[in-house]
Every structure is written in C-alpha cells, then in structure tokens.
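Coordinate inspection notes
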Amino acid sequence: MAEPVAAGAVRSLARLTKQLHSSLDLSPLTNPRTGCVRLPASAHRSGTCSTPVLSDPDGDPNEALAALSLGATMLDLRRLSKHLTMMLTVLNTAGTTEPTPQPKPRTSRKSPSLEVLTGPTIVETRAPAIRCNLEDDARHAALHAALSTPIRPRDDHSGPAFSALLRMAANGWRTDDVLSAARTAPALEYLRTGRYGSTGRVQRPDIDRFALRQWDRALAAWNRWTQKHPRRAETTTDKGGRLRAHQIQHAAGTDPTQWSGNAGVHRRCVLDALCLIAWETGRTEFDIDQRRLALTAGVTQPTASRALSWLRENGWITRVDTCRGTRSDRYRLDLPSVEVRTESQGVPAPDPLLGTLLHQTLLHARHDLWTSPGLGGACGATHRAVLSGHHSTSSLSQATGLPAATVTRHLRLLQDLGLVTRCGRAVKKVVSAMAAAAVKLGVAGVIEARQRLYTAESLMWEWWQRELAWRRAPRSRKPVRAEHPFPLLRGRFPAGEDGRADFAGALGRVLASLSRAVALAA
C-alpha cells in the first residue's frame, strides 16, 4: 500500500472477497492489531502453501507478483470494493447455475389435487398493526419507538437489529411487514448495509434475502423459547380468541339461510374475517379499521360498514370503543344466543385447521371474479360450495341457503366460464381458470385498484392528522415533519385558494406517489 489503510476498510474488503473466493483465509486480514497480507508461497496450517489466482491461467506468475510492489491507494481500494459489490449483485440476482429441478409430487388419478390460492392473511393499508388492548398498545408503541431509533455509525448494528427481530416475532409480525420495515426502519440498518471502515456502510447486494435469513433465525430462536416456556408462551399468544372463533363458526353454520344472497354472503365474509383476526391474534377484542377489514373480506368499505352494523344488531360483535384520530374502532366477538347441537358434554377444543380454512375461504372471496362488476358474491359462495364437495343442486342449495333456481343459474354461469365441469365438479386448475374468467369479464385488477385507493385514503387521513397536530402545537414546540418514512407526508397538507384543506388534491397526490412507487418496484 502506498498509504496506510484503516483496519475496518481492509476487513470489509476481505469479507467481500471471501464471498467470491471461499478459499481466502481471513484470519490475518481481519486482525485489527497485527493484521497483514499472507505472502505468496506462505505455508498453510493444512500443509499447503498460498498460491496466487491468475486471471489468465497461461500467464506469467512473475508479472502478477510484480504488481504487488507497485503500491495501491485508498482510491484503488474503493474501486475494488465497488467492483466486488457489483459482481456479488450480479451473482445473487442472475445466478451462476440453473436450479436443480425438483421432482413433481405424484397425484392420484381418482382424487386430483386442486390449485391453492395464495396471498396475505390480513390485507394491509399501511395503517398501524392490529391493536388488542392497552397492554398490547404499550408494547407495540415501544417496539415502533425502538425501530425508529437510529444507531450511531460506530456502534454495533447487528445486536439491536436481531433484538428488534425477536420482539417482532414475539408480537406476531408477518414476513411482509418485516420486509417493509427492513427497508425503512433506522434500527434495522444492519439488514440493509454492512460496515465499511470505521463509520461507513456498504449496501448489501440482496437486502430481502439477507433480511429473510435473519428473520428465520429470529423465528427459530423465538420457537425455541416458546418450547422451553410453554405456559408463558401460551398466555402471551392465545387468550381465548381461537376458541371464540371456533364457537362462532360452529354457530354460524347452523342456519345457512341467514347468509344467503349478496348481502348475506358479504356479512358472512366480514364475520369470517373477524374470526380470522381473532385466530391470528388469539384475542376476542381487537382494533381494526373498516378499510382493512373490507380488503380482507373482499368487500367494499360501505359494505363492510353495513355488515358490521348488522352483526352488532344480531349479537355477533360489540363495538367497545369508537375511533379517535388515527385509531380505529375496537370490537369484541360475542357468541349469540342460537341453538347449537353438540354431542359432547364439555367444551370442544378448537379445530387446529380452522385458521387455514378461513384463510383459503377469504382468499377465494376477495378474488376479482366475485366483485360487483363480475359474478357477485352469491355466485362466489356457490363456487366455494362446489370446491367443498357439494355437486348436486339440492346439496348446493342446502349448503348456501340459496334457492334451487339461483343455484342452477350460478352453475350455468360457472360452466360457461370454464370453472365447473358439466357434471358439477370443479376443474383441476382453479386458480388459472379464475384468472382467465376475470380477464374475460373485464374485472381483472379491481381488488388491486381498491387496495391502492384505500391505502391512499388511509395515508391521506394520517397526513391530515399530522397537519392538525402541527397546527395545534405551540410555536416553540412544533413537531418535526421529516419524521415519517413516506416522503409525501413530510410536507404541508394541500390547501385551496381560500385556505381550506384540499382533500381531493391530497388524495390525488398520494395516489400518484403510490403509482410511482409501484412502477419503481416493478
């Protein structure tokens, strides 16, 4: 080297080189006190010697050794670091070898397996996470405060990041939420960059892959802790929500006629969404806004509002607290006074597969095909009954509570779109058939557009609440506007010429910003 180099810079460069050349020995390079470079032909502990790797196998080794005596500067090291980072990025994104083909599972000819829908359990709108009670509110607030705390450049970044991941696993965060937090949270800087020198940071080649690996480690550590402390883990993850969801589903299935028609199907989807939230959170009382509930149930926000009113009037739920500011309504699941026949004298245990069943049911219900411009929710209920094993008209009418003439009309529509065979059975490729039918009817993308609109409305309302807080604060204690991960919300709320708030203009700006973010992500 023509000039001295910090030990941290050499350590970062050595680790980058190690990822490309696994035979490199890092022990002499990463020692901060007695660090050195192993000379060519130096003896190894394994009995071999250090051999330089030539770019040209037929070249002269003496020319390569002569390059070591020329000397290098910090500029040369930075160029080498950028070159190695670019090579790692290419290798991680493009790959060097083709993936090993996995053998296809054998399926029986008598009972062919149907395609399974995939998607998030609870559709998000960038609103805060689901809140269960005051204790959980304080815990979530402490976790979000810890995620928003920046780390000084010289401090350790890996420890606070893994500690935050452990707390996120204990609070029931999903993988999508973790990945979104890994891209913006200051406390998770370790997941985005690696140390370069004493204070510098270098962006990682594949942030999502590294974040998923660290998240798997945190989940494994949390699972080991729950296995070692089963009683304490049970009290922190389940407080009667799963049993109540099982009881409500059993009670709702006693009379299918109350869930018939488009309105009845939408009410049942909203009730299933509430049961799914109770199953995921393990609690009977929680906060959730109507837009997120509507997206999870596959209905519009006004429909979800009317369904919640009907469920309250009929004793299925109780609104414990109303919304204030950016907080949503709080609901409690109640068991209505309906006659439920059971052969057991005790309280039956909840079905362990109920959460998966509710998830698949709601994934089917929030497909573009069953929206109002498409076939409607009632036709979607008929198709779900066909997927459940009901084939005859009388069996479908009894399962859905719809008249036989309506069921016959639905079967004719499903047959014309290629979703049901002429003998009344579902086709094998359900997912692709539903996608093709949505394209044929011109309703593909309706749910995605609805989610984008509801996300923009939630962000606009949060923007307005921040504007009100800034206006009401004293002049000497105005909140800092730059403390928000969404750049648009750091500025002033749009106003018209008369000084009134321009909500339509704000919604348009948020929608445009979301569209640009989607285009950049694609």
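Per chain, residue numbering runs from 1 following the sequence as it is written. Given that this is a predicted model, residues contribute local features only at a pLDDT of at least 70 and side-chain atom pairs are listed and counted only at 80 or more, while totals for whole chains, interfaces and linings are drawn from all residues. Hydrogens and water molecules were not included; the side-chain quantities draw on all heavy atoms of the structure.

1. What about the overall build of the protein?
Helix numbers and strand numbers start at the N terminus; a helix is a DSSP run of H or I with at least 4 residues, a strand a run of E with at least 2. Helix and strand counts for the protein stand at 20 helices and 5 strands. The classification of residues rests on relative accessible area computed with a 1.4 Å probe and restricted to protein chains. Under 20% of the type maximum is buried, over 50% is exposed, and intermediate values are partly exposed. Looking at the 522 residues of the protein, the share that counts as buried comes to 36%. Considering only intrachain contacts with a sequence separation of at least 6, the fraction spanning at least 24 residues in the protein is 65%. Accessible areas in this description were obtained via Shrake-Rupley with a 1.4 Å probe; residue shielding takes into account the shown protein chains only. For the protein, the exposed surface amounts to about 30,600 Å²; the carbon and sulfur share of it is 54%. Contacts are assigned to residue pairs that have any heavy atoms within 4.5 Å of one another.

2. So, the sheet that holds strand E3 (residues 285-287)
Any two strands with at least two DSSP-identified bridges between them are counted as paired. Ordered by their spatial adjacency, 3 strands build an open sheet running E3-E5-E4, and the pairing between neighbours is antiparallel. Lying at the two open borders of the sheet, with one neighbouring strand each, are E3 and strand E4 (317-321). The mean angle between the axes of side-by-side strands here comes to 30 degrees, regardless of whether they run parallel or antiparallel. Judged from the 4 bridges that link them, E4 and strand E5 (residues 330-333) form a sheet pairing that is antiparallel. Looking at the pairing, Thr318 lines up with Arg332 of E5. Interaxial angles span 0 to 180 degrees and are taken between N-to-C directions of axes, which are lines fitted to C-alpha atoms, for helices over the stretch in contact.

3. Re the confidence of the model for the protein
Each residue carries a pLDDT score, the predictor's confidence in it, ranging from 0 to 100. Confidence in the prediction for the protein averages 77 pLDDT; 73% of positions are at 70 or higher. Below a pLDDT of 50 lies the segment residues 93-113, which in the model reaches 5 contacts outside its immediate sequence neighbourhood of four places, other chains included. Ignoring residues within four places in sequence, the model shows residues 231-236, a span with pLDDT below 50, making 4 contacts including any to other chains.

4. Some thoughts on the pattern of salt bridges
Note on definitions: salt bridges are taken to be side-chain nitrogens of Lys or Arg within 4 Å of carboxyl oxygens of Asp or Glu. The tally for this structure, following the rule as stated, stands at 14 salt bridges. Linking Asp272 and Arg268 is a salt bridge whose minimum nitrogen-to-oxygen distance equals 3.0 Å. With Asp272 and Arg268 both in helix H11 (residues 261-281) and 4 residues apart, this pair spans about one turn of that helix. By the burial criterion, Asp272 is buried, and Arg268 matches it. Put simply, Glu285 and Arg330 hold a salt bridge, and the shortest N to O gap is 3.9 Å. Remark: Arg330 occurs in strand E5 and Glu285 occurs in strand E3; sequence separation between them is 45 residues.

5. Topic: the nonpolar core
Burial of nonpolar side chains together is a common tendency in soluble globular proteins. Counting residues in hydrophobic clusters, the biggest one holds 38 residues, and the most contacted among them are Val270, Leu271, Leu274, Leu293, Leu311 and Trp316. Contributions of two or more residues to this core are made by helix H10 (241-252), H11, helix H12 (290-297), helix H13 (301-313), E5 and helix H14 (354-365). No other element matches H11, which puts 11 residues into this core. Among all residues touching Val270, those that are not within four sequence positions of it are Leu293, Ala297, Val299, Ala304, Ala307, Leu308 and Leu311. One finds Trp370, Ala385, Val420 and Val430 within the second-largest nonpolar core, a separate group that totals 23 residues. Throughout this description, the term nonpolar core refers to a set of buried Ala, Val, Leu, Ile, Met, Phe, Trp, Tyr and Cys residues connected via side-chain atoms within 4.5 Å.

6. Examining the pairing of E5
Examined bridge by bridge, E3 and E5 share 3 bridges and lie antiparallel to one another. Across the sheet, the residue bridging to Phe286 is Tyr331, located in E5.

7. With respect to the pairing of strand E1 (residues 193-196)
Relative to strand E2 (residues 200-203), E1 runs antiparallel, the two sharing 4 bridges. Residue pairing across strands places Arg195 opposite Arg201, the latter belonging to E2. Taken together, E1 and the strand that follows it, E2, pair antiparallel across an intervening segment of 3 residues, in which Gly197 is found at a positive phi of about 75 degrees.

8. Topic: helix H18 (residues 430-441)
One less than the number of residues in a helix, times 1.5 Å, gives the span that helix is expected to have. With 12 residues, H18 extends 16 Å between its outermost C-alpha atoms, agreeing within 8% with the 16 Å of an ideal straight helix rising 1.5 Å per residue. Of all the residues in H18, the buried ones are Val430, Ala433, Met434, Ala437 and Ala438. Buried residues in H18, looked at end-on, bunch into an arc of 135 degrees, giving them a common side. Opposite its buried face, H18 presents the exposed residues Val439 and Lys440, each directed more than 90 degrees away. Packed against the buried residues of H18 are H14 and helix H15 (377-387). Trailing H18 by a residue or two, Gly442 shows a phi angle of about 75 degrees, which is positive. What the arc describes is the spread of directions from the helix axis to the C-beta atoms.

9. Observations concerning the environment of Tyr196
Note that Tyr196 resides in strand E1. With 185 residues separating them in the primary sequence, Tyr196 and Arg11 have C-alpha atoms 8.1 Å apart. If sequence neighbours within four positions are ignored, Tyr196 has contacts with Ser12, Arg78, Ser81, Arg201 and Val202.

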